[in-house]
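# Breakdown of the fold
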2 protein chains.
Amino acid sequence: MKEKLYIIKIGGALIDDPELLDQFLEQFSEIKEKKILVHGGGKLATTLADKLGVEQKMINGRRITDKETLDIVAMVYAGGINKNIVAKLQQKKCQAIGFSGADANLIKAKKREHAEIDFGFVGDIEKKSVNRKLISKLIKLKLVPVFSAITHDKKGNLFNTNADTIASVIAQALSSKYDVELLYCFDKEGVLEDVENPESVIGNISEEEFSVLKQAGKLHKGILPKLENALGAVKNKVNKVFLIKETQLKNHIENHHGGTEICL
Amino acid sequence: MKEKLYIIKIGGALIDDPELLDQFLEQFSEIKEKKILVHGGGKLATTLADKLGVEQKMINGRRITDKETLDIVAMVYAGGINKNIVAKLQQKKCQAIGFSGADANLIKAKKREHAEIDFGFVGDIEKKSVNRKLISKLIKLKLVPVFSAITHDKKGNLFNTNADTIASVIAQALSSKYDVELLYCFDKEGVLEDVENPESVIGNISEEEFSVLKQAGKLHKGILPKLENALGAVKNKVNKVFLIKETQLKNHIENHHGGTEICL
């Protein structure tokens, strides 16, 4: 039987709330099984860009990561946020070790290709982008990898990469070796039938149900990429994939309770 | 016989010069023996602090690292600079992996204690601060650690720590296992008898000679802490310690030539 591995993604809203983040990291540090944390960015990078007068570039409503913006997100995500999370986890006796995808070539991305838009320093990744063997070796040393959403191309460039996708591809890559459970943590109880009603959690969503919900316009914009990455994971042999509320991490793991499960 | 390990420190001036840095990293990546890189900060943190209106606090002429300054140096050193160096080394087929001292608790510091001055988030370290066993395990995985000058206290705080000292204590800690050669790389040919004359390199300096030179006022201010850290290393069983010119790294390693050797 494969050993259990939790891959847990947290997002910007949590990172922007120090108290909530601390509570979450407490729950995370208490997980006894092997685990990996993937974190997004939060508002800090945007705030810093504003203060420095670096404008957010948009083309056809899509965000572009120019060199100045990349320099900011690399500093903020891989430096400020990542190292603060690692230090807080170390305080909680969790043997955290922070990474970008450039470190040890753990995640090698390709610059996003698009017929009309040059997205700048945005990297796309897939299952084979992940240095599965080395991550396994690091986990065997009882280390707890903490990934920021920065990757590289092995040509000397850093890239901004979607953190939901990073969590999904790491989960896919490690599923041949581990019994992986991928948890997308966010500020809702799960995927909600009615976004105003926290009791309207949909217990599970299959690929087909996802298409139906999407076409019916029932999924609010922020949750779409999360669900697409979650589906990508289950289609690529990740054993379990859930969207859960951040504050429910411990409850979910101990009581197998709550959230929305994504299935085939 | 112990295996050879180079521990190489580079400073701010090199980091501020992209072309020179690239040439240095090329030479570094070509070293066949086991190796570790430690880097300082450069002007980027100060420039960023200026732009953000964060003033440099001084007490009795000593620099204080307040929380705002710490946040900036953590981002710049452990994020921006560290990940860019790692990406460049990866491009050159060097299996670099970037660390702060918080990562995997590799370097645990103590907040600087001083009778009159509160230095803020400044961490002091010694030989036993270094997680020697884990660094050895990472080196065995053929990884090339790249350390930024950020440490932590295992109580959730990050610290600003002198990069020369980091290189020295890592060298000390690893000398029981490896045949360590510690190289402080900077922009001079070595310690100069006459700072205006690059041909006046002092071939070697003992502890006694250091005291004489220091009292005679013959050592310019910038080189003092480097020499003190270098002496600390030889006194703690580091096999070889040199101060060399950055551009001479390859020449030094291949031809055992140039620079100033520090000895007991």
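Residues numbered from 1 in each chain as written. Chains lettered and ligands numbered in written order. Predicted model: local features only at pLDDT ≥ 70, side-chain atom pairs only at ≥ 80, totals over all residues. Heavy atoms only, no water.

An unreviewed UniProt entry annotates chain A as Acetylglutamate kinase of Chryseobacterium shigense. On record in UniProt, under Catalytic activity (unreviewed entry), the comment for chain A is "N-acetyl-L-glutamate + ATP = N-acetyl-L-glutamyl 5-phosphate + ADP". The UniProt entry for chain A carries the following comment under Function (unreviewed entry): "Catalyzes the ATP-dependent phosphorylation of N-acetyl-L-glutamate." (UniProt positions renumbered as here; feature names shortened; annotations may be inferred.)

## What to know about the interface of chain B and chain A
Taken together, the contact between chain B and chain A spans 39 residues of the former and 39 residues of the latter. Taken together, both faces of the contact between chain B and chain A bury some 3000 Å²; the carbon and sulfur share is 66%. The tally of links from chain B across to chain A stands at 2 salt bridges. B:Lys83 serves as the salt-bridge partner of A:Asp103, at 2.9 Å between the closest nitrogen and oxygen. Run the count over chain B and chain A and you get 12 residue pairs in polar contact (both at pLDDT 80 or more). When residues of the side of chain B that touches chain A are traced back to their parent elements, those giving at least two are helix H3 (44–51), helix H4 (67–91), strand E5 (96–99) and helix H5 (132–140) of chain B. (Contact = heavy atoms within 4.5 Å. Buried area = accessible area lost by both parts, 1.4 Å probe. Salt bridge = Lys/Arg side-chain N within 4 Å of Asp/Glu carboxyl O. Polar contact = N/O pair within 3.5 Å; in protein donor to acceptor, adjacent residues only side chain to side chain. Helix = DSSP H or I, 4+ residues; strand = E, 2+ residues; numbered from the N terminus.)

## Some points on the relation of the copies chain B and chain A
Take chain B, turn it by 180°, move it 0.0 Å along the axis, and it overlays chain A with an RMSD of 0.0 Å. Given the turn and translation reported, the copies of this chain are related as if by a two-fold rotation axis. Taking C-alpha positions as the reference, the residue of chain B nearest the rotation axis is B:Gly79, at 1.7 Å. Most of the interface of chain B is mirrored in chain A, where 100% of its interface residues are also at the interface. (Least-squares fit on C-alpha atoms with pLDDT ≥ 70 in both.)

## Some details on the packing of aromatic side chains
Residue and element names in this part refer to chain B. Inspection of the entire model under this criterion finds 5 aromatic pairs over all chains. Here the aromatic rings of Phe-99 and Phe-147 are separated by 5.8 Å at their centres, their planes lie at 45°, and the arrangement is tilted. Of this pair, Phe-99 sits in strand E5 while Phe-147 sits in strand E8 (residues 144–148), placing them 48 residues apart in sequence. For Phe-99, a relative accessible area of 1% translates into the label buried. Classification of Phe-147 as buried rests on a relative accessible area of 0%. Between Phe-121 and Phe-159, the ring centres sit 6.4 Å apart and the planes meet at 40°, which makes this aromatic pair tilted. Here Phe-121 is found in the loop between strand E6 (110–111) and strand E7 (123–124), whereas its partner Phe-159 is found in strand E10 (residues 158–160), with 38 residues between them in sequence. Given a relative accessible area of 23%, Phe-121 falls into the partly exposed group. (Phe/Tyr/Trp six-rings, centres within 6.5 Å; stacked < 30°, edge-to-face > 60°. Buried < 20%, exposed > 50% of the residue type's maximum accessible area, 1.4 Å probe, protein only.)

## Considerations on the UniProt feature "site: Transition state stabilizer" (unreviewed entry) in chain A
Residues and elements named next belong to chain A. Here, the residues flagged by UniProt with the feature "site: Transition state stabilizer" (unreviewed entry) are Lys-9 and Lys-226. Spanning 218 residues, the named residues form one tight spatial group whose C-alpha atoms are at most 10.1 Å apart. Mapped onto the elements of the fold, Lys-9 is located in strand E1 (residues 3–10). Setting aside its immediate chain neighbours within four residues, Lys-9 contacts Val-38, Gly-40, Ala-163, Asp-164, Ala-167, Leu-183, Tyr-184, Cys-185 and Lys-226. With respect to the helices and strands, Lys-226 occurs in helix H8 (residues 223–235). With sequence-adjacent residues up to four places away left out, Lys-226 is seen in contact with Lys-9, Asp-164, Tyr-184, Phe-186 and Leu-243.

## Re H5(B)
Those residues of H5(B) that sit buried are B:Leu134, B:Ile135, B:Ser136, B:Leu138 and B:Ile139. Looking at the residues trailing H5(B), positive phi occurs at B:Lys142, about 65°.

## Here we look at the side chain of B:Glu246
Residue and element names in this part refer to chain B. In this fold, Glu-246 is placed in the loop between strand E13 (240–245) and helix H9 (249–255). Lacking a salt bridge, the buried Glu-246 has Lys-245 as its closest oppositely charged neighbour, with an N-O distance of 6.3 Å. Glu-246 has contacts with Leu-14, Leu-20, Phe-24, Gln-27, Cys-185, Phe-186 and Asp-187, leaving out every residue within four places of it along the chain. (Lys, Arg positive; Asp, Glu negative; His and termini not counted.)

## Some words on the sheet that holds strand E12 (residues 204–206) of chain A
Residues and elements named next belong to chain A. Pairing is mixed in the open sheet, where 8 strands are placed in the order E5-E8-E2-E1-E11-E13-E14-E12. Here the strands that pair on one side only, and so sit at the sheet edges, are strand E5 (96–99) and E12. Going across the sheet, the axis of each strand differs from the next one's by a mean of 20°, ignoring polarity. For E1 and strand E11 (residues 178–186), the ladder comprises 7 bridges, and the chain directions are parallel. Counterpart to Leu-5 in the pairing with E11 is Val-180. Helix-sheet contacts for helix H4 (residues 67–91) involve E1, strand E2 (34–39), E5 and strand E8 (144–147), and the interaxial angle to E5 is about 175°. Along the sheet, helix H6 (residues 163–174) makes contact with E1, E2, E8 and E11, crossing E11 at roughly 165°. (Pairing = 2+ DSSP bridges. Axes fitted to C-alpha atoms, helices over the stretch in contact; angles between N-to-C directions.)

## Overview of the nonpolar core
Ranked by size, the top nonpolar core spans 98 residues in total, and within it A:Ile7 and B:Ile7 carry the most contacts. Filtering out sequence-adjacent residues up to four positions away, B:Ile7 remains in contact with B:Ile36, B:Val38, B:Ala167, B:Ile170, B:Ala171, B:Leu174, B:Val180, B:Glu181, B:Leu182 and B:Leu183. (Core = buried A, V, L, I, M, F, W, Y, C linked by side-chain atoms within 4.5 Å.)

## Looking at the packing of helix H7 (residues 207–215) of chain B against helix H8 (residues 223–235) of chain B
Residues and elements named next belong to chain B. Running from N to C, H7 and H8 point in directions that differ by 160°, and their axes come no closer than 11 Å. Taken together, the axes of H7 and H8 lie roughly antiparallel to each other. H8 is crossed by H7, and the crossing has left-handed handedness. Across the interface between the two elements, Glu-207, Phe-210 and Lys-214 from H7 touch Leu-224, Leu-227, Glu-228, Leu-231 and Lys-235 from H8. Across the contact of H7 with H8, the residue classes tally to 4 nonpolar, no polar and 4 charged. (Parallel < 35°, antiparallel > 145°, perpendicular 65-115°, else oblique. Left-handed = near helix turned anticlockwise from the far one by under 90°. Nonpolar A, V, L, I, M, F, W, Y, C, P; charged D, E, K, R; others polar.)

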